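Chain and residue survey
So you can see what is in the structure, the chains are spelled out below.
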Amino acid sequence: MMLPEHKDQILLRNKREDHFQGRRPELDDNELERMIGIVQHSLRSSTPAEVRLYDPQEVLIVIGIVEKIDPAAGWFQVGGDRFRMADIIHAVEPCSQWNDSDPC
């Protein structure tokens with residue numbers, strides 16, 4: 001017999017394990033262009049971006065202002081750290097509390 005709390009814990013663990021099985025999400029060309037545009041916009045306008053990167057071991061989210069982009073080498077830099085453009089699976093421009101000209 002299984003208690004409801006144990007069932008919930010097992011379902012949560014299974015959900016986490018599904019995420020970490022190394023499956024990279026399939027993205028269409030329009031979505032890729034949109035996300036790369038957000039990274040480029042962060043560089044040009046010095047506004048923060050939130051970028052989720054593919055990693056089979058963990059959820060990796062980078063939040064900050066993009067400092068450099070090297071399209072030939074395929075990387076971008078945030079906070080002095082370089083990340084592969086090919087690993088981007090989600091990107092948004094987070095709302096900033098201090099920017100009154102762009103209300104959320």
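The structure we're discussing is the one just above.
Here the structure is a predicted model, which is why all the values come from computation and not from measurement. (Residues numbered from 1 in each chain as written. Predicted model: local features only at pLDDT ≥ 70, side-chain atom pairs only at ≥ 80, totals over all residues. Heavy atoms only, no water.)

Attention now goes to a nonpolar patch on the surface. Side chains of Val59, Ile61 and Ile63 sit close together on the surface and give an oily, nonpolar patch of about 270 Å² of accessible area. Relative to the helices and strands, Val59 is located in the loop between strand S1 (48-53) and strand S2 (60-70). With a relative accessible area of 47%, Val59 lands in the partly exposed category. (Patch = residues over 30% accessible without salt bridge, like charges linked within 9 Å, V, L, I, M, F, W, Y side chains within 5 Å. Areas by Shrake-Rupley, 256 points an atom, 1.4 Å probe, with all protein chains shown as cover. Salt bridge = Lys/Arg side-chain N within 4 Å of Asp/Glu carboxyl O. Helix = DSSP H or I, 4+ residues; strand = E, 2+ residues; numbered from the N terminus. Buried < 20%, exposed > 50% of the residue type's maximum accessible area, 1.4 Å probe, protein only.)

What follows covers the pattern of salt bridges. What the rule picks out here adds up to three salt bridges. With its nearest N and O atoms 3.1 Å apart, the salt bridge here joins Arg84 to Asp87. A relative accessible area of 49% means that Arg84 is categorised as partly exposed. Asp87 sits in the buried class, given a relative accessible area of 14%.

With respect to the element layout, Val66 can be found in strand S2. Residues Val66 and Glu50, 16 residues apart in the sequence, show an inter-C-alpha distance of 9.9 Å. Excluding residues within four positions of it along the chain, Val66 makes contact with Val39, Ser42, Leu43, Phe76, Gln77 and Val78. (Contact = heavy atoms within 4.5 Å.)

To continue, consider the sheet that holds strand S3 (residues 75-78). In space, the five strands of this open sheet follow the order S4-S3-S2-S1-S5, with antiparallel pairing throughout. Both edges of this open sheet fall to strand S4 (81-84) and strand S5 (88-92), since each of them pairs with a single strand only. Each strand axis lies, on average, 50° off the axis of its neighbour in the sheet, ignoring direction. One ladder, built from four bridges, connects S2 with S3; its direction is antiparallel. Its bridge partner lying in S3, Lys68 is registered against Gln77. (Pairing = 2+ DSSP bridges. Axes fitted to C-alpha atoms, helices over the stretch in contact; angles between N-to-C directions.)

Moving on: the environment of Val51. Inspection of the secondary structure puts Val51 in strand S1. Taking the relative accessible area as the measure of exposure, Val51 reaches 2% and is therefore buried. Through-space distance from the C-alpha of Val51 to that of Pro94 is 9.9 Å; in sequence the pair is 43 residues apart. When near neighbours in sequence (up to four residues on either side) are disregarded, Val51 contacts Val39, Leu60, Ile61, Val62, Phe76, Ile88, His90 and Ala91.

Take it as geometry only, folks, not as evidence of what the structure does.
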